[in-house]
Amino acid sequence: MSELTYDSLMDDGNYLGSERARMENKVILDELERKKKARNLAVPTDDNKVKARLREIGEPITLFGERAADRRDRLIYVLSQINAARGDDHPMEEASSEESEEEGEEFYTEGSLELLQARRDLAEFSLPRAQKRVAQQRIDSKIPLGRIIDIRKKVFAGVKRFSNIGSQIGDERPISQVRFAPSNKILATGSWSGTVKLWNVPACTTIRTLRGHGDRVGGVAWHPQATLTQGEGLVNLVSGAGDMCVNLWSLNSDTPLSVMKGHADRICRVAFHPSGNFVASASFDTTWRLWDVNSSKELLLQEGHSKEVYAVEFQGDGALIASGGLDAVGRVWDLRTGRTAMVLDGHVQGIFGIDFSPNGYQIATGAGDDTIRIWDMRSLKALYTIPAHVSNVSDVRFFRADALPSSKPKAESTGVLMNGITEDADADKSHDAEDDTQEWKYGSGLYLASSGYDGYVKLWSADDWQLLRTLTTDSGKVMSVDLTSDGELLASGTYNRNFQLFAPEDVAV
């Protein structure tokens, strides 16, 4: 199968080709038209008058547990249904023509040519990655059930062996976020003191202290190729802070390479796009913004939340971005078009952590209502609610198996005869290596970690969402959590100024 690119992507305008699709589209359009007319209905706001109007049209004046606002919404819905049944083109009672015009007017903000080019680049980058991911998922779907169960047991057995291997004072003030470098050898910590520190792990010795912020650091994120192929003098790290600045850092300087300004309030989480060319930042000014790393310019200011935006994260393909706000609502945005792909509405308190599963279609959100919600983009609804902690869920992170762990032999004999026949030792080792690689790839996204203000870090299975392991820390509040891509280390940053490292008991670190 040829690689999918932006130029080879077919634009099929006949998406309403089937009769069923046309009927479904008509139902949706009719419902949208009914809601549009319902917004123009002049309905009393006084609760007694609402009850009287409901009595006039033969509806119950109240339902069990119904509040005054819900009763008024029900009246609007009933009146709009009556109008629709009559076939009236005009509502029974209309608001002023000026209000109607304002309601119907669509509002657009003109984007820059740089944003247009960025959207094209994002499409060209994400399409082949999505194609490869789907192709791998098709291969995984053919794995026998028995082998899947064995892989699952093997992965979860390792997760259940995690234990604390050390704690290190990280700064003078609380550690707001911890993130492992792609090489898994360096840990970055952001602190309320305004500094970002780089640590050797698991030795926990300081490599460098990055000073450039004048207020508390809210988020740090690594370039996807940092410590791998990215040069030390180039952009390797990004941080956002309460001084409303987004700083880009190299690995060989204590001062930022670039300072990007534009936000009107403190910055919380930041994220690097999988291409390494873009950075996103979430802010208390109720927006999140997209920045060009090469030019250090703001490409997009995205509104859509009614309160502060706290968390932001990119999908692995690079096509989507998810934002979570203190309005208890999350949104998934299509970076290629700028449209909202899904609204994550279900939490009752602000969202503090958000992450995409490596499978590309599931999202985990952690919130102040002490729960983690799992969302499925295919069905556009919440898949599961995990009662995760007894206080705020501060961070959630899926495990991503990007590289085989160093402690795992590349070709280790299992002693099992495949098909009952072994030709020679080299063939066995080659086959075992392929099996190990396939198992490792399948294990990506099989579990996730969460941190909470109850002082615990918890590990959860990502198929039945059950608790696998609870790890205690020496703090009452855990601010952040992260996992290495080889599955050998887990880090947590806490309110009492230190960070902890955890590892499976049988792994030498």
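Only a predicted model underlies this, so the values are computations on that prediction, with no experimental measurement involved. (Residues numbered from 1 in each chain as written. Predicted model: local features only at pLDDT ≥ 70, side-chain atom pairs only at ≥ 80, totals over all residues. Heavy atoms only, no water.)

Okay, a nonpolar patch on the surface next. Taken together, the side chains of Ile28, Leu29 and Leu32 define a hydrophobic patch exposed on the protein surface, amounting to about 290 Å² of accessible area. Structurally, the position occupied by Leu29 is in helix H1 (residues 19–39). For Leu29, a relative accessible area of 47% puts it in the partly exposed group. (Patch = residues over 30% accessible without salt bridge, like charges linked within 9 Å, V, L, I, M, F, W, Y side chains within 5 Å. Areas by Shrake-Rupley, 256 points an atom, 1.4 Å probe, with all protein chains shown as cover. Salt bridge = Lys/Arg side-chain N within 4 Å of Asp/Glu carboxyl O. Helix = DSSP H or I, 4+ residues; strand = E, 2+ residues; numbered from the N terminus. Buried < 20%, exposed > 50% of the residue type's maximum accessible area, 1.4 Å probe, protein only.)

Bringing the environment of Asp402 into the picture now. Structurally, Asp402 can be placed in the loop between strand S22 (393–398) and helix H7 (425–442). Given the relative accessible area of 62%, Asp402 is considered exposed.

Bringing the pairing of strand S10 (residues 267–272) into the picture now. Of all 6 residues that make up S10, 6 are buried, and the element is covered over most of its length. Note: S10 against strand S11 (residues 278–283), 4 bridges, orientation antiparallel. The residue of S11 that forms the bridge with Val270 is Ser281. Hairpin connection between S10 and S11: a loop of 5 residues separates the two successive antiparallel strands, and Gly276 in this loop has a positive phi of roughly 80°. (Pairing = 2+ DSSP bridges.)

Averaged over the protein chain, the pLDDT score is 87; the fraction of residues at 70 or greater is 87%. Within the model, the stretch residues 90–104 combines pLDDT values under 50 with 16 contacts to residues more than four positions away or in other chains. Considering only residues more than four positions removed or in separate chains, one finds that residues 409–423, a stretch of pLDDT under 50, has 16 contacts. (pLDDT = per-residue confidence, 0-100. Contact = heavy atoms within 4.5 Å.)

Turning our eyes to something else, we now look at the pairing of strand S23 (residues 447–452). For S23, the buried fraction is high: 6 of the 6 residues fall into the buried class. What you see with S23 is no split at all: Tyr447, Ala449 and Ser451 on one side and Leu448, Ser450 and Gly452 on the other are buried throughout. Note: S22 against S23, 5 bridges, orientation antiparallel. Bridge pairing in S23 places Val396 opposite Ser450. With 5 bridges connecting them, S23 and strand S24 (residues 456–461) associate as antiparallel partners. Across the sheet, residue Ala449 finds its bridge partner in S24, namely Leu459. Hairpin remark: S23 followed by S24, antiparallel, with 3 residues in the connecting loop; positive phi at Gly455, about 90°.

Tallied over the full model, the rule gives 20 salt bridges. Where Arg378 meets Asp376, a salt bridge forms, and the shortest distance between an N and an O atom there is 2.9 Å. Among the residues examined, Asp376 registers a relative accessible area of 4% and is labelled buried. Bridged by salt links that share partners, the residues Asp47, Lys51, Glu66, Arg71 and Arg74 form one connected network.

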